[in-house]
Amino acid sequence: AVVSTQSTGIDKIKETSASDKDSDGASIREITGTIVLNSVALHCIKRDLNKAKRVLVQHLSTLKEGEAPSLQANMLLVYIELRQGNTKNALRILKQQQEN
């Protein structure tokens, strides 16, 4: 399947299985996730929280069923929620992370 992620500046990304590793042992999916999270962090630094949240939510929607978001993704989401004044949502995310 091909995932279009125009908002992150990555036009097309081919999803690969975890067995598709680069020379360091990281999957293409893991590397792509790192790039997307770096993009989200950059939008946060630029104080474009709406775009940061949009990109992050889009990234989280690509997770496989039952796959938990990374700690980094959750912490970025907590940061965005707090900056937008959504304290209850931020606490809910932290509690969910603690349960995992």
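Residues numbered from 1 in each chain as written. Predicted model: local features only at pLDDT ≥ 70, side-chain atom pairs only at ≥ 80, totals over all residues. Heavy atoms only, no water.

J.: What is the right way to look at the environment of valine 55 in this model?
T.: Relative to the helices and strands, valine 55 resides in helix H2 (residues 49-60). Classification of valine 55 as buried rests on a relative accessible area of 1%. Distance in space between the C-alpha atoms of valine 55 and valine 40 is 6.5 Å, their sequence separation being 15 residues. (Helix = DSSP H or I, 4+ residues; strand = E, 2+ residues; numbered from the N terminus. Buried < 20%, exposed > 50% of the residue type's maximum accessible area, 1.4 Å probe, protein only.)

J.: What exactly am I supposed to notice about unusual backbone geometry here?
T.: Outside of glycine, negative phi angles account for most residues, and trans bonds account for most peptide bonds. If you check the backbone angles, arginine 47 has positive phi at about 65 degrees while not being a glycine. Counting through the fold element by element, arginine 47 comes out in the loop between helix H1 (28-45) and H2. When its relative accessible area of 66% is taken as the criterion, arginine 47 is described as exposed.

In short, shape yes, function no, at least from these values alone.
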